[in-house]
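Listed below, chain by chain, are the residues.
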Amino acid sequence: MAERSGAVEDLGVRMMYNLESCKEFYQGKRVLVTGHTGFKGAWLCRILKLAGAEVTGYALQPPTDPSLFAAAGLEDAMHSVIGDIRDLAHLRQVFAEARPEIVIHLAAQPIVRTSYINPVETYETNVMGTVNVLECARQTDSVRSLLNVTTDKVYENREWEYGYRENDPLDGYDPYSNSKSCSELVTHSYRKSFFSDGRCAVSTARAGNVIGGGDFAADRIVPDCVRAVAAGREIVVRRPYSTRPFQHVLEPLFAYLMIAQRQYEDRSYEGYYNVGPDDCDCVTTGELVTLFCKLWGDGVCWVNRDDGGPHEANFLKLDCSKLKSMFGWRPRWHIGEAMAETVEWTKAYLGGEDVLAVMDGQMRRY
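The structure displayed is predicted, hence computed values, not measured ones.

Asks: Go over the pairing of strand S4 (residues 102-105) with me, naming the residues and quoting the values.
Replies: Here S4 shows a buried face lined by Ile 102 and Ile 104 and a second buried face lined by Val 103 and His 105. Bridge analysis of strand S1 (residues 30-34) against S4 gives 4 bridges, and the strand direction is parallel. The residue bridging Val 31 from the neighbouring strand is Ile 102, located in S4. Direction of pairing for S4 relative to strand S5 (residues 145-149): parallel, over a ladder of 4 bridges. Within S5, the position partnered with Val 103 by the bridge is Leu 146.

Asks: Pulling in residues and values, what's your account of the packing of aromatic side chains?
Replies: With the rule as written, the count across this model stands at 13 aromatic pairs. Each ring, one from Trp 333 and one from Tyr 366, has its centre 5.2 Å from the other, and the planes form 90°; the classification is edge-to-face. Separated by 33 residues along the polypeptide, Trp 333 in the loop between helix H12 (321-327) and helix H13 (335-350) and Tyr 366 in the segment after helix H14 (355-365) bring together distant segments of the chain. By the burial criterion, Trp 333 is buried, and Tyr 366 matches it.

Asks: Could you give an account of the state of the cysteines, naming the residues involved and the relevant values?
Replies: A complete count under the given rule lists 0 disulfides for this structure. With no disulfide of its own, Cys 282 lies 8.0 Å from the sulfur of Cys 320, the closest cysteine sulfur. The class for Cys 282 is buried, based on a relative accessible area of 14%. No disulfide involves Cys 301; its nearest neighbouring cysteine sulfur is the one of Cys 293, lying 6.5 Å away.

Definitions and cut-offs
- Residues numbered from 1 in each chain as written.
- Predicted model: local features only at pLDDT ≥ 70, side-chain atom pairs only at ≥ 80, totals over all residues.
- Heavy atoms only, no water.
- Buried < 20%, exposed > 50% of the residue type's maximum accessible area, 1.4 Å probe, protein only.
- Helix = DSSP H or I, 4+ residues; strand = E, 2+ residues; numbered from the N terminus.
- Pairing = 2+ DSSP bridges.
- Phe/Tyr/Trp six-rings, centres within 6.5 Å; stacked < 30°, edge-to-face > 60°.
- Disulfide = S-S within 2.5 Å.

Everything listed here is a matter of coordinates, which is why it stays silent on function.
If you want it as C-alpha cells, here you go:
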C-alpha cells in the first residue's frame, strides 16, 4: 500500500502527543514489547502501563546490573516473559498466549563496540531476531500494527553535514550498524511479501542516540559519566568532537507509540521514519559532557583521551521532516532540558529516592 502523503490533518492535536494521548488509544489494547528489560523497553512499558494497556514483554534478563527494569519494579507491574529473541518456538508460544494487537520490537544487541567483539551473536540477535518477530506476527492474526525499532546508524555514513533521509542508502559500517541495516531490509521484505493484504501495518523507526535516567549500559557516554562521578574519578571522553543526534528517551518512545497507533487506525501511515532532534540539538560528545558537568555541579569535569578503539562514525545527523510532515510531530525537549531530566533521575536514584515516581513525573511534564 502506498505511503500517505500530503498535509497533516488535525495538526494541533497530533503535535501534543503525550501520555494523555496514549490513554485515549492504548487503554485496554494488548501490546507486546520485545526487549522490555532494557533501558528503552523499561521506559516504554511504564508509559503503556500508565496508559492502561495490557502489556506483555519478551526479553532476556536485564542486560545490566543495576537495571532500570529492576529499580523501577516493573516486573511485578506487567506480564514479563524471559526468553531469547532467537528462540522462535518460545516466541511463537508467547504470541499465541498474548494475542497482541500491537507489537513494538526493541530487542537487540545495541552496542557498537560489543558488535566488534561478538559479531555473530550481534547478527543472530538483530537479524534473525527480527525475522522471528515478523514470522510470529505473520502467523498471529490478532496483530494489526507492528513497529521495528532500528537505529540512526543504518545509513551508509559519508560524513555529510546534512541529515540522512529515509530514502538514503542503507549500509551500516560496523557489525551492529550493518545488522540493523539488515533488520530494516528484512522488515521491508516481510511487509511487501506477507503483509500486503492489509491485515497488519508494518513500519520501522530509525532513532537517534537517547539519554535519560536509568541507562546503565557499558560504553555509552552518559552512563560512563555517571559511573565516573559516583566513583570519584575523572570523566574520560574518547571522541569529544563526534556529532550525534542526542535526545531524551521519551522523545522517540512517544513517537513510536504515535506511529503504531496511527498505522493501526489507518494503514496508509505505515512506512520508514527517522526520529531525532532538531539541528540545534545535534551536539558533539564533548558539548554533551560539558552540559552534564554543568548540571551535575560539584566541580566535575572531563578529559579528552582517545583510546584508539574501532571505527565509529564521526558525524551523524537525521532529517526528520517526514515524521514532522506526516504527523505534525516535533521534539519536545531541547538538549539542555533532556540532560536536566537525566541528571534529576540519576541523583534521585543515587540518593535512594523513589525512581518510579521520578519517571512518572517526567512523563507527565513531557
